[in-house]
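What follows is the residue order along each chain.
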Amino acid sequence: MKELYQIIQAYYICVSRNQKAALATVVKVDGSAYRRPGARMLVTEDGELTGAISGGCLEGDALRKAQSVIFQQKSMVVTYDTTDEDDQKFGIGLGCNGIIQVLIEPINKDDVNNPIELLKKALEDRQTTFLTTLFSLKNAKSQQIGTIILYKNGQFLGNSSVLDHHLFEFIQSELKKNIAQTTKLICHYPEWDDIYVFYECIKPPVQVLLFGAGNDTLPIAKMTDLLGWTLTLIDGRKNQATESRYPQASKIIVAPADEAVKQISADSNTVALLMTHNFEYEAVILKDLQDLNLPYIGILGPKKKTLKLLERLKNQGLLINESNIYGPLGLDIGAEGSEEIALSAIAEIKAVLSQKTGMHLREKEGPIHEEER
């Protein structure tokens, strides 16, 4: 997610310099690859790169092809096939075992619905959206339809007029049918000149509600910033919850426990961490958080503390959903010290939101990433 914001920022710098640019997007992967569909890289005419489409192996070749796309102002699909053991013939030595399809599109700054502008519209608020990209493998070197439709708030934004009317109707139906799944889809439509459509779900960045402005929460703030997550800091102590201590926070709320949650906006990609070291404060916060239906609430401290908090609320006659409460917070990695505890907590949040268990990858059968349908 952070990468998308960086690409948008780099694009506007490019525009201010009156430079041309192209966008490379991984649109399909068969087998193993370092990055999955949706990975992007902005390439300027003078060779500046923002983002990545691989672990650094494809970028050099993609740069050259992107500059060709910029010069010709014509999009194309590039195929990198590493299933051949002799992948050194590409001069890139991927070490993977997959076929990666990369769409490279020139960006027309005069088009208000160019791919970067659509990405910007997708990310300008905390709405889940779908971005639709059309490409052809049969006619890979020909001009591609590309990234043209954004589905947001029940509306279709973009350049749908370039599509066959019946194909657009089908895409509309597919989006409305799959929007609740909030996932990525890659569909093949042979009946429409063998077109592939990449339906990409773009969720808002994870929003972390961090309750507690003690020194042990400073690493949490730094890690959320590194990941591009949004941080809201909440504490009752105005001398601790300050911009100078938490420059990463997009919002700081200094309030007593019974007023804090009222000042918060939350959605399905919002999580909470209770790290105040104040039992009474957290008892009120945990009670008020129940109305937000968060997917994750992490509580710092021993399990006994969490059980006491839950018992307190149950004695008040509250019906508590314990499925989203993680106390003690974090994955079991043997964490000691605030930095390692922060790492453990952040990893658990990611696992929960991705609906993963946090297992060792070497013990997983099959590929690391599930294939997009």
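Residues numbered from 1 in each chain as written. Predicted model: local features only at pLDDT ≥ 70, side-chain atom pairs only at ≥ 80, totals over all residues. Heavy atoms only, no water.

- By the naming in an unreviewed UniProt entry, the chain goes by XdhC family protein and is assigned to Fontibacter flavus.

1. Topic: the packing of aromatic side chains
Inference 1: Enumeration over the complete set of coordinates arrives at eight aromatic pairs.
Inference 2: By the ring-pair criterion, three or more aromatic residues cluster together here, those being Tyr151, Phe156 and Phe168.
Inference 3: Note that Lys308 overlies the ring of Phe279, its terminal NZ or CZ placed 5.4 Å from the centroid. (Phe/Tyr/Trp six-rings, centres within 6.5 Å; stacked < 30°, edge-to-face > 60°. Lys NZ or Arg CZ within 6 Å of the ring centre and 35° of its normal.)

2. A short note on the pairing of strand E11 (residues 207-211)
Inference 1: Among the five residues in E11, five count as buried, and that is most of the element.
Inference 2: Residues Gln207, Leu209 and Phe211 point to one face of E11 and Val208 and Leu210 to the other, with burial holding for every one of them.
Inference 3: In the classification by handedness, the crossover that spans E11, the intervening helix H5 (residues 218-227) and the parallel strand E12 (residues 230-235) is right-handed.
Inference 4: In the sheet, E11 pairs with strand E14 (residues 270-274) via five bridges, with the strands oriented parallel. By the bridge assignment for E14, Val208 is matched with Val271. (Buried < 20%, exposed > 50% of the residue type's maximum accessible area, 1.4 Å probe, protein only. Helix = DSSP H or I, 4+ residues; strand = E, 2+ residues; numbered from the N terminus. Right-handed = clockwise from strand over helix to strand, strands pointing away. Pairing = 2+ DSSP bridges.)

3. A few points about the sheet that holds strand E5 (residues 98-107)
Inference 1: Pairing in this open sheet of five strands is antiparallel, and the strands run E3-E2-E1-E5-E4 from one edge to the other. Edge strands, defined here as strands with exactly one partner in the open sheet, are strand E3 (49-51) and strand E4 (76-81). This sheet shows a mean twist of 25 degrees between the axes of neighbouring strands, independent of strand direction.
Inference 2: Bridge count for strand E1 (residues 21-31) against E5 is 10 bridges, and the pairing is antiparallel. Each residue of the ladder has a partner; that of Asp30, found in E5, is Ile99.
Inference 3: Here helix H1 (residues 2-16) sits on the sheet and contacts E1, strand E2 (40-44), E3 and E5; the angle it forms with E2, its principal contact strand, is near 15 degrees. (Axes fitted to C-alpha atoms, helices over the stretch in contact; angles between N-to-C directions. Contact = heavy atoms within 4.5 Å.)

4. Overview of the UniProt feature "domain: XdhC Rossmann" (unreviewed entry) in the chain
Inference 1: Mapped onto this structure's residue numbering, the UniProt feature "domain: XdhC Rossmann" (unreviewed entry) falls at residues 208-349.
Inference 2: Secondary structure across residues 208-349 comprises 36% helix and 18% strand; the distance between its end C-alpha atoms is 9 Å. (UniProt positions renumbered as here; feature names shortened; annotations may be inferred.)

5. Section: the UniProt feature "domain: XdhC- CoxI" (unreviewed entry) in the chain
Inference 1: Following the UniProt record, the feature "domain: XdhC- CoxI" (unreviewed entry) maps to residues 15-81 here.
Inference 2: Across residues 15-81 one finds 24% helix and 37% strand; the C-alpha atoms that close the span lie 34 Å apart.

6. Remarks on the nonpolar core
Inference 1: Counting residues in hydrophobic clusters, the biggest one holds 24 residues, and the most contacted among them are Phe211, Ile234, Ala272, Leu274, Ile285, Leu286 and Leu289.
Inference 2: At the level of secondary structure, the elements contributing two or more residues to this core comprise E11, helix H6 (257-260), E14, helix H7 (279-289), strand E15 (296-299) and helix H8 (303-315).
Inference 3: Here this core gets five residues from one element, more than from any other, and that element is H7.
Inference 4: Setting aside anything within four residues of it in sequence, one finds Ala272 in contact with Leu209, Phe211, Leu289, Leu294, Tyr296, Ile297 and Gly298.
Inference 5: Counting residues in hydrophobic clusters, the runner-up holds 23 residues, among them Ile220, Leu273, Ile346 and Ile349. (Core = buried A, V, L, I, M, F, W, Y, C linked by side-chain atoms within 4.5 Å.)

7. Digging into the pattern of salt bridges
Inference 1: In this structure the tally under the stated criterion is 15 salt bridges.
Inference 2: Across the salt bridge formed by Lys109 and Asp110, the nearest N and O atoms sit 3.6 Å from each other.
Inference 3: Taking relative accessible area as the criterion, Asp110 reaches 61% and is therefore assigned exposed.
Inference 4: Note that Asp193 is salt-bridged to Lys138, the shortest N-O span being 3.1 Å. Taken together, the residues Asp193 in the loop between strand E9 (185-189) and strand E10 (195-202) and Lys138 in the loop between strand E6 (129-136) and strand E7 (146-152) connect sequence positions 55 residues apart.
Inference 5: Asp193 sits in the partly exposed class, given a relative accessible area of 46%.
Inference 6: In this structure Lys138 comes out as exposed when scored by relative accessible area, which is 52%.
Inference 7: Connected through salt bridges with shared partners, the residues Asp61, Arg64 and Lys65 form a single ionic network. (Salt bridge = Lys/Arg side-chain N within 4 Å of Asp/Glu carboxyl O.)

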